[in-house]
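Chain by chain, the residues:
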Amino acid sequence: MKETAILQAYEIARERYAALGVDTDKVLEQMQDFHLSMHCWQADDVKGFEVQAGALSGGIQSTGNYPGAARNIDELRADILKAKSLIPGTHRLNLHEIYGDFQGKVVDRDEVTVDYFKSWIEWGRENNTLLDFNSTSFSHPKSGNLSLSNPDKGIRDFWIEHTRRCRDIADEMGKAQGDPCIMNVWVHDGCKDVSVNHMLYRSLLKDSLDKIFAEDKKYMKDCIEGKVFGIGLESFTVGSHDFYTAYAAQRGKILTIDTGHYHPSEVPGDKVSAVLQFVPELMLHVSRPIRWDSDHVTIMDDMTQDLFFEIVRAGAMDRVHYGLDYFDGSINRIGAYVIGSRAAQKCMLKALLEPRELISRYEIEGRTFETLALIEEGKALPWNAVYDLFCLRNGVPVGDAFIPEILSYEKEVTSRR
Ligand code: RNT
Ligand code: ZN
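Below: a short report on this structure.

Cut-offs used in this document
Residues numbered from 1 in each chain as written. Chains lettered and ligands numbered in written order. Predicted model: local features only at pLDDT ≥ 70, side-chain atom pairs only at ≥ 80, totals over all residues. Heavy atoms only, no water. Helix = DSSP H or I, 4+ residues; strand = E, 2+ residues; numbered from the N terminus. Rg over C-alpha atoms; globule rule 2.2 N^0.38 Å. Contact = heavy atoms within 4.5 Å. Lys, Arg positive; Asp, Glu negative; His and termini not counted. Charge placed at Lys NZ, Arg CZ, Asp CG, Glu CD. Buried < 20%, exposed > 50% of the residue type's maximum accessible area, 1.4 Å probe, protein only. Right-handed = clockwise from strand over helix to strand, strands pointing away. Pairing = 2+ DSSP bridges. Donors = N, O, S within 2.8 Å, 3.2 Å for Na, K, Ca; no water. Tetrahedral: all angles 85-135°; square planar, octahedral: opposite > 155°, others 65-115°. Salt bridge = Lys/Arg side-chain N within 4 Å of Asp/Glu carboxyl O. Near = heavy atom within 4 Å. Polar contact = N/O pair within 3.5 Å; in protein donor to acceptor, adjacent residues only side chain to side chain. Areas by Shrake-Rupley, 256 points an atom, 1.4 Å probe, with all protein chains shown as cover. Core = buried A, V, L, I, M, F, W, Y, C linked by side-chain atoms within 4.5 Å. Phe/Tyr/Trp six-rings, centres within 6.5 Å; stacked < 30°, edge-to-face > 60°. Lys NZ or Arg CZ within 6 Å of the ring centre and 35° of its normal. Axes fitted to C-alpha atoms, helices over the stretch in contact; angles between N-to-C directions.

**Focus on the overall build of the protein chain**
Here is step 1: Secondary structure summary: the protein chain contains 14 helices and 12 strands in total.
Here is step 2: Taking 22 Å as the expected radius of gyration for a compact globule of 417 residues, we find that the protein chain reaches 22 Å, a close match to that expectation.
Here is step 3: Referenced to the eigenvectors of the C-alpha coordinate spread, the extents of the protein chain come out at roughly 65 × 55 × 40 Å.
Here is step 4: Long-range contacts, defined as pairs at least 24 residues apart, comprise 81% of the intrachain contacts of the protein chain with a sequence gap of at least 6.
Here is step 5: With 48 positive and 64 negative side-chain charges, the protein chain shows a separation of 2 Å between the mean positions of the two kinds.

**Observations regarding the pairing of strand 9 (residues 282–286)**
Here is step 1: Most of strand 9 sits inside the fold, with five of its five residues counted as buried.
Here is step 2: Neither face of strand 9 is exposed, since Leu282, Leu284 and Val286 on one face and Met283 and His285 on the opposite face are all buried.
Here is step 3: Each parallel crossover has a hand, and the one from strand 8 (residues 254–258) via helix 8 (residues 269–275) to strand 9 is right-handed.
Here is step 4: In this sheet, strand 12 (residues 320–324) lies alongside strand 9 in parallel orientation, the contact comprising five bridges.

**Comments concerning the coordination of the zinc ion (ligand 2)**
Here is step 1: Protein-derived ligands of the zinc ion (ligand 2) are Glu225 (OE), Asp258 (OD), His285 (ND1) and Asp325 (OD), with the metal-ligand distances lying across 2.1 Å.
Here is step 2: Viewed at the metal, the six donor atoms of the zinc ion (ligand 2) are separated by angles of 72 to 172°, and the geometry they form is octahedral.
Here is step 3: In primary sequence terms, the donor set of the zinc ion (ligand 2) follows E-x32-D-x26-H-x39-D. With Glu225 in strand 6 (residues 220–225) and Asp258 in strand 8, this pair connects stretches of sequence that are 33 residues apart.
Here is step 4: By relative accessible area, Glu225 is classed as buried at 3%.

**A word on the pattern of salt bridges**
One side chain can pair with another of opposite charge once the charged atoms of both are near each other.
Here is step 1: Going through the model one piece at a time under the given rule, you end up with 30 salt bridges.
Here is step 2: Residue Glu75 pairs with Arg417 through a salt bridge whose shortest N-O separation is 3.5 Å. On the criterion of sequence distance, the pair formed by Glu75 in helix 3 (residues 73–84) and Arg417 in the segment after helix 14 (402–412) is long-range, its members being 342 residues apart.
Here is step 3: Residue Glu75 is classed as buried on the basis of its relative accessible area, which comes to 13%.
Here is step 4: Overall, the relative accessible area of 22% leaves Arg417 in the partly exposed class.
Here is step 5: Note that Asp168 and Lys217 form a salt bridge whose closest N and O atoms lie 2.5 Å from each other. Of this pair, Asp168 sits in helix 5 (residues 153–177) while Lys217 sits in the loop between helix 6 (198–212) and strand 6; the two residues are 49 residues apart in sequence, bridging distant segments of the chain.
Here is step 6: Asp168 gets classed as partly exposed once you look at its relative accessible area, which sits at 36%.

**Description of the site of ligand 1**
Here is step 1: Around ligand 1, the structure places Trp41, Ile60, His96, Trp186, Glu225, Lys227, Asp258, His261, His285, Asp293, Asp325 and Phe327.
Here is step 2: Measuring from an oxygen atom of ligand 1, one finds a side-chain N or O atom of His285 at 3.2 Å.
Here is step 3: Between an oxygen atom of ligand 1 and a side-chain N or O atom of Asp293, the distance comes to 3.3 Å.
Here is step 4: Taking 310 Å² as the accessible area of ligand 1 by itself, protein coverage stands at 100%.

**A closer look at the nonpolar core**
Here is step 1: Grouped together as the largest cluster of nonpolar side chains are 116 residues, with contacts concentrated most on Leu95, Trp120, Phe133, Phe308 and Tyr322.
Here is step 2: Broken down by element, this core gets its largest block of residues, 11 residues, from helix 10 (residues 333–353).

**Looking at unusual backbone geometry**
Here is step 1: The phi torsion at Asp45 lies on the positive side, around 60°, for a residue other than glycine.
Here is step 2: Looking at where Asp45 falls in the secondary structure, it is placed in the loop between strand 1 (36–39) and helix 3.
Here is step 3: Owing to a relative accessible area of 10%, Asp45 belongs among the buried residues under this scheme.
Here is step 4: A positive phi is found at Val46, a non-glycine position, where the angle reads about 60°.
Here is step 5: Relative to the assigned elements, Val46 resides in the loop between strand 1 and helix 3.

**Brief notes about the packing of aromatic side chains**
Here is step 1: For the coordinates displayed, the defined rule picks out 14 aromatic pairs.
Here is step 2: Measuring from ring centre to ring centre gives 6.2 Å for Phe34 and Phe308, while their planes differ by 90°; the resulting arrangement is edge-to-face. Pair noted here: Phe34 is in the loop between helix 2 (24–32) and strand 1 and Phe308 is in helix 9 (residues 302–313), with a separation of 274 residues, a long-range link. Grouping residues by exposure puts Phe34 and Phe308 together as buried.
Here is step 3: Three or more aromatic residues joined by ring pairs make a cluster, and in this case those are Phe213, Phe243, Tyr244 and Tyr247.
Here is step 4: One cation-aromatic arrangement involves Arg77 over Trp120; the distance from NZ or CZ to the ring centre is 4.2 Å.
Here is step 5: Here the guanidinium or amino end of Lys253 rests over the ring plane of Phe213, the centre of that ring lying 4.3 Å away.

**Notes on the sheet that holds strand 1**
Here is step 1: An order of 1-2-3-4-6-8-9-12 is seen for the eight strands of this closed barrel, with the pairing classed as parallel. Between one strand axis and the next, the sheet turns through 30° on average, direction left out of account.

**Points about the side chain of Lys227**
Here is step 1: Along the chain, Lys227 turns up in the loop between strand 6 and strand 7 (236–237).
Here is step 2: Looking at Lys227, the relative accessible area reads 6%, which means it is buried.
Here is step 3: For Lys227, the residues in contact, after removing those within four places along its chain, are Gly59, Ile60, Trp186, Thr237, Gly239, Ser240, His241, His261 and Asp293.

This is the structure we're talking about:
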């Protein structure tokens, strides 16, 4: 697309929006300050770099074997940078513990220290990328069906130790980067079949979390993530949403909303204004469930748009951390990052461009026809012209121009792996 055409289209869009009280220049500034936390695990189908790595477990699955997955830390870093070069703005990187720089050493989960993340901290600094973190309870001989809620104290203590160490690492990351590292705790704990000890498992999980969070940290923030069920753990989930919502509300923790973790007719966006009355902040795991928590690449579907609209309408932009969480192994993985990240940005942009003040006034005045009419009109306003300018200003491909870039990286780099 020609630069002049992009600028002209923007001018027209600016006028259309201004007529409805929306300042597109201001929205562009807000977009510049909107940072995604890109998940490292789309690049290699959640394998990580442990020398002793086993198969992916914990009820999650990456399906497909599209060629070119990152096989080591250098390839993964190169892939992330390639993806970032095609996404406007500056973005964070969300690491799982199994993505440490283990240098060929067997490091068990209860032995991990910040030493294995020094090179990541350095990489983050060099590449203007702030880091977030996750403990890893899956893909390990001690994972089983129950980790932090295991009645076996030895196993429980092992995972408590792991998660504590992860908090230490996150704290070091946050300190080094001068910005809090957001650390997510998700454990897969559950039962495949009918079970009777639910009260026990949940009280053990609560107790383990209390032990993990006992020490206050200065440079990191905790978030906790529940879900409905995992593959092979269909009948019962210890860390359900009720469990974590109540825990986060009582203990002042950040609640993670993974858009793949609800019953199919549940609307994640509707949770924003409900839970933010009681929890300090939210972490998002933006994903796309197809029939189950399948972690398809994020797109601009109704569910995702609604989520971002709810955040903006709630005036809660600054109380949300915007993580992505999907892992599709059946598609070019760099392409998956770029499609999903740009889709999340477009959802945010559309939300920011909504003629909110006017609609809100109509609604409060009981002018129902005008309210509905303007919500509908808002959907068709030329938001894409604003996104194009955002890309242009950030020096990244406008529109579909990122496709050939990804294809040439595939030809030259990933297809040779
Ligand atoms: C699993 C959770 C969790 C994981 C990542 C890899 O259902 O969504 O967030 O996807 O930690
Ligand atoms: Zn998640």
